[in-house]
Amino acid sequence: MKTYAGIPEENASLENSKVMLVTVPYDGTSTWGKGADKGPELFLNASENMELYDIETGTEPYLDGVYLAGEVSENATPEAMTEAVYQKTKELLQNEGKLFTLFGGEHSVSIGSIRAVGEKYDNLTVLQLDAHTDLRPEFHGSTSNHACAVFEANQKHNLVQVGIRSMDVEEYQYLPEGRVFFAHEIAVNDNWINDVLEKVSGNVYITIDLDAFDPSICPSTGTPEPGGLQWYPTLELLRKVFEKCNVVAFDIVELMDSPMAKPSAFLAAKLYYKMLAYYHISQD
């Protein structure tokens with residue numbers, strides 16, 4: 001039996017796990033770098049090569065249990081994929097008291113999972129770490145394009161965007177007012193983490209496009225943009241969000257296969273595990 005990070009089978013069953021992990025190897029609408037469909041496999045392989053003791057928190061988060069809840073492989077159309085992710089998320093959310101997590105795939109995979117989580121939880125904040133706004137109502141004839149990843153979330157929920165440094169002029173009208181933290185502003189604002197925290201409350205869904213990070217530390221992603229987030233400040237933000245709010249779900253997307261994919265894959269694996277550590281200590 002294959003388990004997340006090669007953890008023991010007793011820590012990988014649904015009944016013994018506080019965390020559920022779905023993979024969505026979809027790359028149907030990406031427009032430049034292709035290979036995000038290999039992201040989940042790269043992530044899981046890298047996870048098997050991690051040390052499972054988290055130094056910062058003094059915990060072994062895998063002991064809470066991580067259940068590999070299967071793969072959503074529907075790829076006939078972007079809309080069919082979105083519906084399949086929505087149904088899978090809805091089904092898993094029936095397991096009360098467990099954290100839903102997803103690893104993509106391109107960012108369009110988040111549309112269906114945010115939709116399902118938003119139906120279950122009132123007062124939802126969607127915290128998006130991303131280089132791009134992803135606020136187009138539709139792109140290339142589809143509302144389930146990666147460029148539309150959080151348009152629906154912005155209509156329905158409290159969207160907070162962090163690390164943004166690329167957008168189309170069309171998207172300007174859809175920016176969530178007072179809740180966009182542009183990368184060039186973060187770079188000169190020592191208080192940016194607290195400013196973000198002021199906008200994040202209640203139940204929280206965190207969606208992380210790996211291009212939020214600077215390409216110097218995470219180059220293997222679909223559209224790497226200069227001027228991105230750094231590792232330790234990002235972890236500080238995430239830890240404080242877990243401390244302050246009720247994080248009910250998170251996803252990580254846009255890990256891309258490339259000849260130099262290993263450092264980015266390991267960053268993604270470590271990022272996921274750090275978030276499990278923060279979840280663990282927030283539950284104590």
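In what follows, the structure referred to is the one given above.
Residues numbered from 1 in each chain as written. Predicted model: local features only at pLDDT ≥ 70, side-chain atom pairs only at ≥ 80, totals over all residues. Heavy atoms only, no water.

Caption draft 1: Representation of empty space enclosed by the protein. Enumeration over the complete set of coordinates arrives at 1 cavity of 30 Å³ or more. Of the voids in this model, the largest cavity is the one considered here, and its volume is about 40 Å³. As for the largest cavity, its lining consists of Ile111, Ile114, Arg115, Ala149, Val150, Glu152, Ala153, Lys156 and His157. Each residue belonging to the lining of the largest cavity can be placed in one class, and the counts come to 5 nonpolar, 1 polar and 3 charged. (1 Å grid on protein atoms, 1.4 Å probe; cavity = no way out; pocket = protein on both sides within 12 Å on 5 of 7 lines; lining within 4 Å. Points joined across faces, edges and corners; volume = space filled by probe spheres on them. Nonpolar A, V, L, I, M, F, W, Y, C, P; charged D, E, K, R; others polar.)

Caption draft 2: Spatial organisation of the nonpolar core. Tyr4, Phe43, Leu127, Val162, Ile206, Leu271 and Tyr272 are the most contacted members of the largest nonpolar core, which has 58 residues in total. Counting residues per element, this core draws most heavily on helix H8 (residues 262-283), at 11 residues. Residues contacting Leu271, with those up to four places away along its chain left out, are Ile208, Leu210, Phe213, Trp231, Leu235, Leu238 and Ile252. Core analysis: the second largest hydrophobic core is formed by 31 residues, Met20, Ala153, Ile164 and Phe182 among them. (Core = buried A, V, L, I, M, F, W, Y, C linked by side-chain atoms within 4.5 Å. Buried < 20%, exposed > 50% of the residue type's maximum accessible area, 1.4 Å probe, protein only. Helix = DSSP H or I, 4+ residues; strand = E, 2+ residues; numbered from the N terminus. Contact = heavy atoms within 4.5 Å.)

Caption draft 3: Region of interest: the sheet that holds strand E6 (residues 180-182). Within the open sheet, the 8 strands sit side by side as E2-E1-E3-E8-E7-E4-E5-E6. Their pairing is parallel. Both edges of this open sheet fall to strand E2 (66-71) and E6, since each of them pairs with a single strand only. Taking each pair of neighbouring strands and ignoring which way they run, the sheet shows an average axis angle of 15°. Summarising the sheet, strand E4 (residues 124-129) and strand E7 (residues 203-209) pair through 6 bridges and their orientation is parallel. Across the sheet, Gln128 pairs through a bridge with Thr207, a residue of E7. Helix-sheet contacts for helix H7 (residues 231-244) involve E4, strand E5 (158-164), E7 and strand E8 (246-253), and the interaxial angle to E7 is about 160°. Sitting on the sheet, H8 is in contact with strand E1 (19-24), E2, strand E3 (99-104), E7 and E8, with an inclination near 175° to E8. (Pairing = 2+ DSSP bridges. Axes fitted to C-alpha atoms, helices over the stretch in contact; angles between N-to-C directions.)

Caption draft 4: Representation of the pairing of E4. When you tally the buried positions in E4, you get 6 out of 6 residues, the bulk of the element. Here E4 shows no split at all, with Leu124, Val126 and Gln128 on one side and Thr125, Leu127 and Leu129 on the other all buried. Sheet topology places E4 next to E5; 5 bridges connect them, and they run parallel. In the strand pairing of E5, Leu127 is matched with Val160.

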